[in-house]
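Here is how the chains run, residue by residue.
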Amino acid sequence: MLTKGLHIFTSESVSEGHPDKVCDQIADAILDACLKVDKNSHVACEVFATTNTVVVGGEITTKAVLDVDSIVRGVVAGIGYTEPLCGFDAASLTIINLIKKQSPDIALGVNAATSKSGKQGAGDQGMMFGFACDETPEYMPAPVMYSHALLRKATELRKTGKAPFLRPDSKSQVSVIYKDGRPIAIDSVVISHQHKPEATEEQIHDFLMNKVIKPVLEPTGMLTKDTKYYINPTGRFVIGGPAGDTGVTGRKIIVDTYGGMGRHGGGAFSGKDPSKVDRSAAYMARYVAKNLVANKLCSKCEIQFSYAIGVPDPISVFVDSFGTGVVSDQELEDIVRKNFDLTPGGIIQELDLLRPIYQSSDNYGHFGRTDVPWERIITLKK
């Protein structure tokens, strides 16, 4: 992100009916079903969705008895894919279950009772990033927050019966103009929303402009007479969801995080229990970054953690305040180490992660929310 002059930064979001998000929600519904019965479940669930077919696979060790068929159909129906003959509907889906148990070699290093350190080790190696900034009340970048807000509003209207001509799949994109590192205006807005065949292009355009875009973005004060709008720019979006494009878990990692403004370690979240640091340590990195900014120790912050499989303590901790810190980055790192237990067990305990809370966090970003523990603000000891 440039700190001087004018530039434009763009982020996107996708709705819960997007094919990849359908898969994320199914994977996390299975994870939640495991954790409801057995908080020590080890889950690495992957989902593939295409025309009227869902394939569920991965490695799961749990005391829960899973009715995968009912879970999948429940998620798909809850999203709104219930129309017969539309290419993907809850009632007529073919569901293929390829789940197997977790490798005992992985369990050896993860479980505290069998790990070499006697503590819970990381479920894999890797690096995870967290990011926060003060340009929105949620301590998130403006482009991705505005993109999420648009689709959250459209989904609310669809699910409450105020837009019966809409179908579940949609995408948004917001380009924000920055001056000297601060957002000053919205350059352009893109929304593509799936709809029923009888809906007209004019009907879709008017609805999304007047019931979604203006109510959501006008209060930001960022719309101007020069803002450009691209609403269903191809003119027709009837075939969508997994009937239009194949979906897979973990392909919306930038939508899930910071819209590209903060870096990403590459590991996806959905379908993974919190022993997998791809998920839990990324949540912790966000928690740490947000609290550094919320405690006014800096106005922008990126955190990196790295781990080795079976090892409890992070291999490295890195703090970058982009020159906005009231103290040096080394001092910020010392504050992080003083205030946060960064072992997998410490993260799970601090954020209370052994609960069935994951499917509800899948849509419209895992961060910048009010319903998850990693967004809580605490007072840091200096």
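Further up the page is the structure itself.
Basis of the calculations
- Residues numbered from 1 in each chain as written.
- Predicted model: local features only at pLDDT ≥ 70, side-chain atom pairs only at ≥ 80, totals over all residues.
- Heavy atoms only, no water.
- Helix = DSSP H or I, 4+ residues; strand = E, 2+ residues; numbered from the N terminus.
- Rg over C-alpha atoms; globule rule 2.2 N^0.38 Å.
- Buried < 20%, exposed > 50% of the residue type's maximum accessible area, 1.4 Å probe, protein only.
- Contact = heavy atoms within 4.5 Å.
- Lys, Arg positive; Asp, Glu negative; His and termini not counted.
- Charge placed at Lys NZ, Arg CZ, Asp CG, Glu CD.
- Phe/Tyr/Trp six-rings, centres within 6.5 Å; stacked < 30°, edge-to-face > 60°.
- Lys NZ or Arg CZ within 6 Å of the ring centre and 35° of its normal.
- Pairing = 2+ DSSP bridges.
- Right-handed = clockwise from strand over helix to strand, strands pointing away.
- Expected span 1.5 Å × (residues − 1).
- Axes fitted to C-alpha atoms, helices over the stretch in contact; angles between N-to-C directions.
- Parallel < 35°, antiparallel > 145°, perpendicular 65-115°, else oblique.
- Left-handed = near helix turned anticlockwise from the far one by under 90°.
- Nonpolar A, V, L, I, M, F, W, Y, C, P; charged D, E, K, R; others polar.
- Disulfide = S-S within 2.5 Å.
- Salt bridge = Lys/Arg side-chain N within 4 Å of Asp/Glu carboxyl O.

Turning our attention to the overall build of the chain. If you tally the helices and strands in the chain, you get 9 helices and 11 strands. In terms of C-alpha radius of gyration, the chain reaches 21 Å, essentially the compact-globule figure of 21 Å for 382 residues. The principal-axis extent of the C-alpha atoms belonging to the chain is close to 65 × 55 × 25 Å. Residues classed as buried in the chain amount to 57% of the 382 residues present. Residue pairs at least 24 apart in sequence account for 73% of intrachain contacts in the chain once pairs closer than 6 positions are excluded. Across the chain, the mean location of the 42 positive side-chain charges is 3 Å away from that of the 45 negative side-chain charges.

Glancing now at the packing of aromatic side chains. Applying the stated criterion across every chain yields a total of 10 aromatic pairs. On the numbers, 5.2 Å between centres and 90° between planes, the contact of Phe165 with Phe207 is edge-to-face. Taken together, the residues Phe165 in the loop between helix 4 (142–159) and strand 6 (166–179) and Phe207 in helix 5 (residues 201–217) connect sequence positions 42 residues apart. Note on accessibility: Phe165 and Phe207 belong to one class, buried. Each ring, one from Tyr283 and one from Trp374, has its centre 3.7 Å from the other, and the planes form 15°; the classification is stacked. One end of the pair, Tyr283, is in helix 7 (residues 277–294); the other, Trp374, is in the segment after helix 9 (344–351), with 91 residues separating them in the sequence. The same class applies to Tyr283 and to Trp374, which are both buried. Aromatic ring contacts, followed pair by pair, group Phe131, Tyr258, Phe269, Tyr283, Phe322, Phe367 and Trp374 into a single cluster. We note Lys300 situated over the ring of Phe322; from NZ or CZ to the ring centre the distance is 4.9 Å.

This next bit is on the pairing of strand 3 (residues 53–61). When strand 2 (residues 42–50) meets strand 3, the two strands line up antiparallel, connected through 9 bridges. Residue pairing across strands places Cys45 opposite Gly58, the latter belonging to strand 3. Linkage of strand 2 to strand 3, two consecutive antiparallel strands, is achieved through a turn of 2 residues, within which Asn52 is found at a positive phi near 50°. Strand direction decides the pairing type here: strand 3 and strand 4 (residues 94–100), joined by 7 bridges, are parallel. Note that in strand 4 the partner of Glu59 across the bridge is Lys100. One crossover worth recording links strand 3 to the parallel strand 4 by way of helix 2 (residues 68–79), and it is right-handed.

Since the α-helix turns once every 3.6 residues, residues separated by three or four places project in the same direction. Relative to the 26 Å expected for 18 residues at 1.5 Å per residue, helix 4 spans 26 Å between its end C-alpha atoms, a close match to the ideal helical length. Buried residues dominate helix 4, accounting for 13 of its 18 residues.

It is the contact of helix 7 with helix 9, at a shortest axis distance of 10 Å, that shows an interaxial angle of 60°. By the angle between their axes, helix 7 is oblique relative to helix 9. Handedness of the helix 7/helix 9 crossing: left-handed. Every residue of helix 9 that contacts helix 7 at Val277, Ser280, Ala281, Tyr283, Met284 and Tyr287 is listed here: Pro344, Ile347, Glu350 and Leu351. Looking at the contact of helix 7 with helix 9, its residues break down into 8 nonpolar, 1 polar and 1 charged.

Counted under the stated rule, the structure contains 0 disulfides. Summary of cysteine pairing: Cys23 is not part of a disulfide, and the nearest cysteine sulfur, belonging to Cys45, is at 9.9 Å.

If you trace the backbone, Asn295 turns up in the loop between helix 7 and strand 10 (300–307). Contacts of Asn295, omitting those with residues within four sequence positions, involve Ile378, Thr379, Leu380 and Lys382.

Pairing in this open sheet of 4 strands is mixed, and the strands run 1-6-7-8 from one edge to the other. Strands with a single pairing partner mark the edges of an open sheet, and in this sheet they are strand 1 (6–14) and strand 8 (228–231). Direction aside, neighbouring strands of the sheet carry axes that sit 15° apart on average. Pairing between strand 6 and strand 7 (residues 182–195): 11 bridges, direction antiparallel. Paired with Lys179 across the two strands is Arg182, which belongs to strand 7. Sitting on the sheet, helix 4 touches strand 1, strand 6 and strand 7, and the angle it makes with strand 6 is about 155°. Helix-sheet contacts for helix 5 involve strand 6, strand 7 and strand 8, and the interaxial angle to strand 7 is about 145°.

What follows concerns the pattern of salt bridges. A full pass over the atoms with the stated rule returns 22 salt bridges. A salt bridge links Glu375 to Arg286, with the shortest nitrogen-to-oxygen separation between them at 2.8 Å. In this pair, Glu375 sits in the segment after helix 9 while Arg286 sits in helix 7, placing the two residues 89 residues apart along the sequence. One exposure class covers both Glu375 and Arg286, and it is buried. Among the ionic contacts, a cluster of salt bridges with common partners joins Asp20, Arg251 and Lys252.

What follows concerns unusual backbone geometry. Of note, the phi angle at Asp180 is positive, near 50°, even though the residue is not glycine. By secondary structure assignment, the location of Asp180 is in the loop between strand 6 and strand 7. Of note, Lys296 is a non-glycine position whose phi angle comes to about 60°, a positive value. With respect to the helices and strands, Lys296 occurs in the loop between helix 7 and strand 10.

Read these as geometric descriptors, not functional statements.
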